[in-house]
Amino acid sequence: MSAGGLEGVEAPKLITELPGPKARQILERDERTTSPSLPRAYPFVPARGSGSVVEDVDGNVFLDVNAGIAVTSTGHCHPRVVEAIQRQAAELIHYSASDFYLPIYSELAERLDEIAPMSDPARSFLTNSGTEAVEAAIKLARYATRRQYVLAFYDSFHGRSYGSVSLTASKAKYRAGFGPLLPGVLHAFYGDGRDLPVPPRGDEEGFPTIDHIEGFLFEKIVPADEVAAIVVEPVLGEGGYIVPPDGWLRALRELCDRHGILLVADEVQSGMGRTGAMWAVEHMEVEPDILVAGKGIASGMPLGAMIATDRVMTWMKGAHGSTYGGNPLSCAAAIATLDVIRDEGLLENATKVGALLVNGLRDLQARQDAIREVRGLGLMIGVELPDHDRAAAVEREAFDRGLLLLGCGEASIRLSPPLVFREDQARVALGLLDEVVAATGA
Ligand SMILES: Cc1ncc(COP(=O)(O)O)c(C=O)c1O
């Protein structure tokens, strides 16, 4: 079914109670047949989408401030992305780029080199998902440095396969029952150090979290010259949509340079224009050695990329590969996505509509005590609420009023709409959030 009729819609339209009758049937089948590990935030059963609007199986229309969890960067079913996928599907659906020379694979790698936030030439290894791209980064970093330790941060999320989940430290449930995890992984405190065992007094020079790595972890736990990589989300995603303080990522870059450690930026969630720049590291004027991309890279087709400078990506033939990674349909969708982001000025749109949302949310904060903090960059916006229960109640109440959003961190909700989100839609979202926060306080 095409998404015809949904274009131009700016407000939700609910015609059944939620979940509706068709949705209930699907939920019943799903609960019998699918893995109980799937987290499922609320009973939303999407059928078709266009731009920032999604219709469920019962014909209820929702405003999508999730973008399928920060994925549908150009909006749902952008005509140019659909056309690129259809054209590619009629030409060639599969040939493994691991063993042969897929033209569209190197075309995309060339496009990624053009936009990579690195001054040296960059190469790409394409995967099917974010977590696989993180795995590739861990392997490449160990291989390139011949060092074994990898440092990541508390509150970070890097995926759920064994290597990436060993880096993930946002919730214990992601690790519970799965140990032992990858050896050689250490964790440090992110950003301003609000979670440090002895919180900073606020009058020190520099960053206590960086001092803790250099003065504590590298002195007492592992020597710096055995650390291959520091893997960091330039803006924390799942862990709470937290932007580190100005200069923090640069200080981390300098720490890496002092010790010959590779800096790996995990931009699976913050990349592809979400923050109003193609990559969040650009706001921070930092060049990583390796960048990991996923989610919005192909507007919803499964694709990840591990992008590294020529100097770092030196592994030998056969060291790493993937049957499907960088499959032609996903590559076609990614190239179309890059074209749409450029031609439709989506970085500028993310900056403009993001500012409207942040300002609007700060106005709400002035009236609603429950909004403790509003933070973000571009269309990557977090709203801190008093506790986890309130955040969960807001998530559910928003759904019941036709607004799709998701929690993150301990007690926050995240706003990560498609980069095509319009100002009129942002105003509707703000109005609904105002009602939702008030209703959940009663
Ligand atoms: C920063 C970050 N890295 C990695 C991942 C894992 O990506 P995927 O779910 O595609 O495996 C995610 C997913 O949410 C993410 O937010």
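Residues numbered from 1 in each chain as written. Predicted model: local features only at pLDDT ≥ 70, side-chain atom pairs only at ≥ 80, totals over all residues. Heavy atoms only, no water.

Let's shift gears to the nonpolar core. Core analysis: the biggest nonpolar cluster contains 130 residues, and Phe153, Phe218, Leu252, Ile290 and Met306 have the highest contact counts within it. For this core, the element with the most residues is helix H10 (residues 328-343), which contributes 9 residues. Apart from residues no more than four positions distant in its own chain, Phe218 is found in contact with Leu151, Ile213, Pro223, Ala224, Val227, Leu255, His259 and Ile261. Residues Leu18, Tyr42, Phe62 and Phe399 belong to the second largest nonpolar core, which totals 5 residues. (Core = buried A, V, L, I, M, F, W, Y, C linked by side-chain atoms within 4.5 Å. Buried < 20%, exposed > 50% of the residue type's maximum accessible area, 1.4 Å probe, protein only. Helix = DSSP H or I, 4+ residues; strand = E, 2+ residues; numbered from the N terminus. Contact = heavy atoms within 4.5 Å.)

Once that is clear, we can look at the layout of surface pockets. In this structure, the second largest pocket encloses a volume near 900 Å³. In this structure, the second largest pocket is lined by 26 residues; those nearest its centre are Ala97, Ser98, Tyr105, Ser124 and Lys317. Only helix H4 (103-115) and strand S4 (122-127) provide two or more residues apiece to the lining of the second largest pocket. By residue number, the principal contributor to the lining of the second largest pocket is S4, which donates 5 residues. Class assignment of the residues belonging to the lining of the second largest pocket gives a composition of 14 nonpolar, 8 polar and 4 charged. (1 Å grid on protein atoms, 1.4 Å probe; cavity = no way out; pocket = protein on both sides within 12 Å on 5 of 7 lines; lining within 4 Å. Points joined across faces, edges and corners; volume = space filled by probe spheres on them. Nonpolar A, V, L, I, M, F, W, Y, C, P; charged D, E, K, R; others polar.)

With that settled, the discussion passes to the side chain of Glu267. Here Glu267 is to be found in the loop between strand S8 (262-266) and helix H9 (280-283). Buried and without a salt bridge, Glu267 has Arg274 as its closest oppositely charged side chain, separated by 9.7 Å. Side-chain polar atoms of Glu267 contact the side chain of Ser270, separated by 2.8 Å. (Lys, Arg positive; Asp, Glu negative; His and termini not counted. Salt bridge = Lys/Arg side-chain N within 4 Å of Asp/Glu carboxyl O. Polar contact = N/O pair within 3.5 Å; in protein donor to acceptor, adjacent residues only side chain to side chain.)

As a further point, take the pattern of salt bridges. On inspection of all chains with the given rule, the structure shows 23 salt bridges. Where Lys171 meets Glu238, a salt bridge forms, and the shortest distance between an N and an O atom there is 3.1 Å. Placement of Lys171 in the loop between helix H6 (162-167) and strand S6 (185-188) and of Glu238 in the loop between strand S7 (227-232) and helix H8 (248-259) is noted, with a sequence separation of 67 residues between them. Residue class for Glu238 comes out buried when judged on its relative accessible area of 11%. Among the charged side chains, a network of salt bridges with common partners joins Arg80, Arg111, Glu114, Asp339, Arg342 and Asp343.

With that settled, the discussion passes to the sheet that holds S7. An order of S4-S10-S9-S8-S7-S5-S6 is seen for the 7 strands of this open sheet, with the pairing classed as mixed. Every other strand in the sheet has two partners, leaving S4 and S6 as the edge strands with one partner each. Each strand of the sheet is rotated relative to its neighbour by a mean of 20 degrees, with strand direction disregarded. Of the strand pairs in this sheet, strand S5 (residues 149-153) and S6 are connected by 4 bridges, and their pairing is parallel. Counterpart to Val150 in the pairing with S6 is Val185. Strands in contact with helix H5 (residues 130-145) are S4, S5, S7, S8, strand S9 (290-293) and strand S10 (304-309); relative to S9, the strand with the most contacts, it is inclined by about 165 degrees. Packing of H8 onto the sheet brings it into contact with S5, S7 and S8, and relative to S7 it is tilted by some 170 degrees. (Pairing = 2+ DSSP bridges. Axes fitted to C-alpha atoms, helices over the stretch in contact; angles between N-to-C directions.)

Compared with an ideal rise of 1.5 Å per residue, which puts 12 residues at 16 Å, H8 spans 17 Å between its outermost C-alpha atoms and is within 8% of the ideal. Those residues of H8 lying buried are Trp248, Leu249, Ala251, Leu252, Arg253, Leu255 and Cys256. Once H8 ends, the next one or two residues include Gly260, with phi positive near 65 degrees. (Expected span 1.5 Å × (residues − 1).)

We now examine the site of the ligand. Within the structure, the ligand sits among Ser129, Gly130, Thr131, Phe157, His158, Gly159, Glu233, Asp266, Val268, Gln269 and Lys295. Asp266 is positioned with one of its side-chain polar atoms (N or O) 2.7 Å from a nitrogen atom of the ligand. The separation between an oxygen atom of the ligand and a polar side-chain atom of Gln269 is 2.8 Å. Within the complex, 83% of the 390 Å² of free accessible area of the ligand lies under protein. When its residues are assigned to classes, the shell around the ligand shows 2 nonpolar, 6 polar and 3 charged. (Near = heavy atom within 4 Å. Areas by Shrake-Rupley, 256 points an atom, 1.4 Å probe, with all protein chains shown as cover.)

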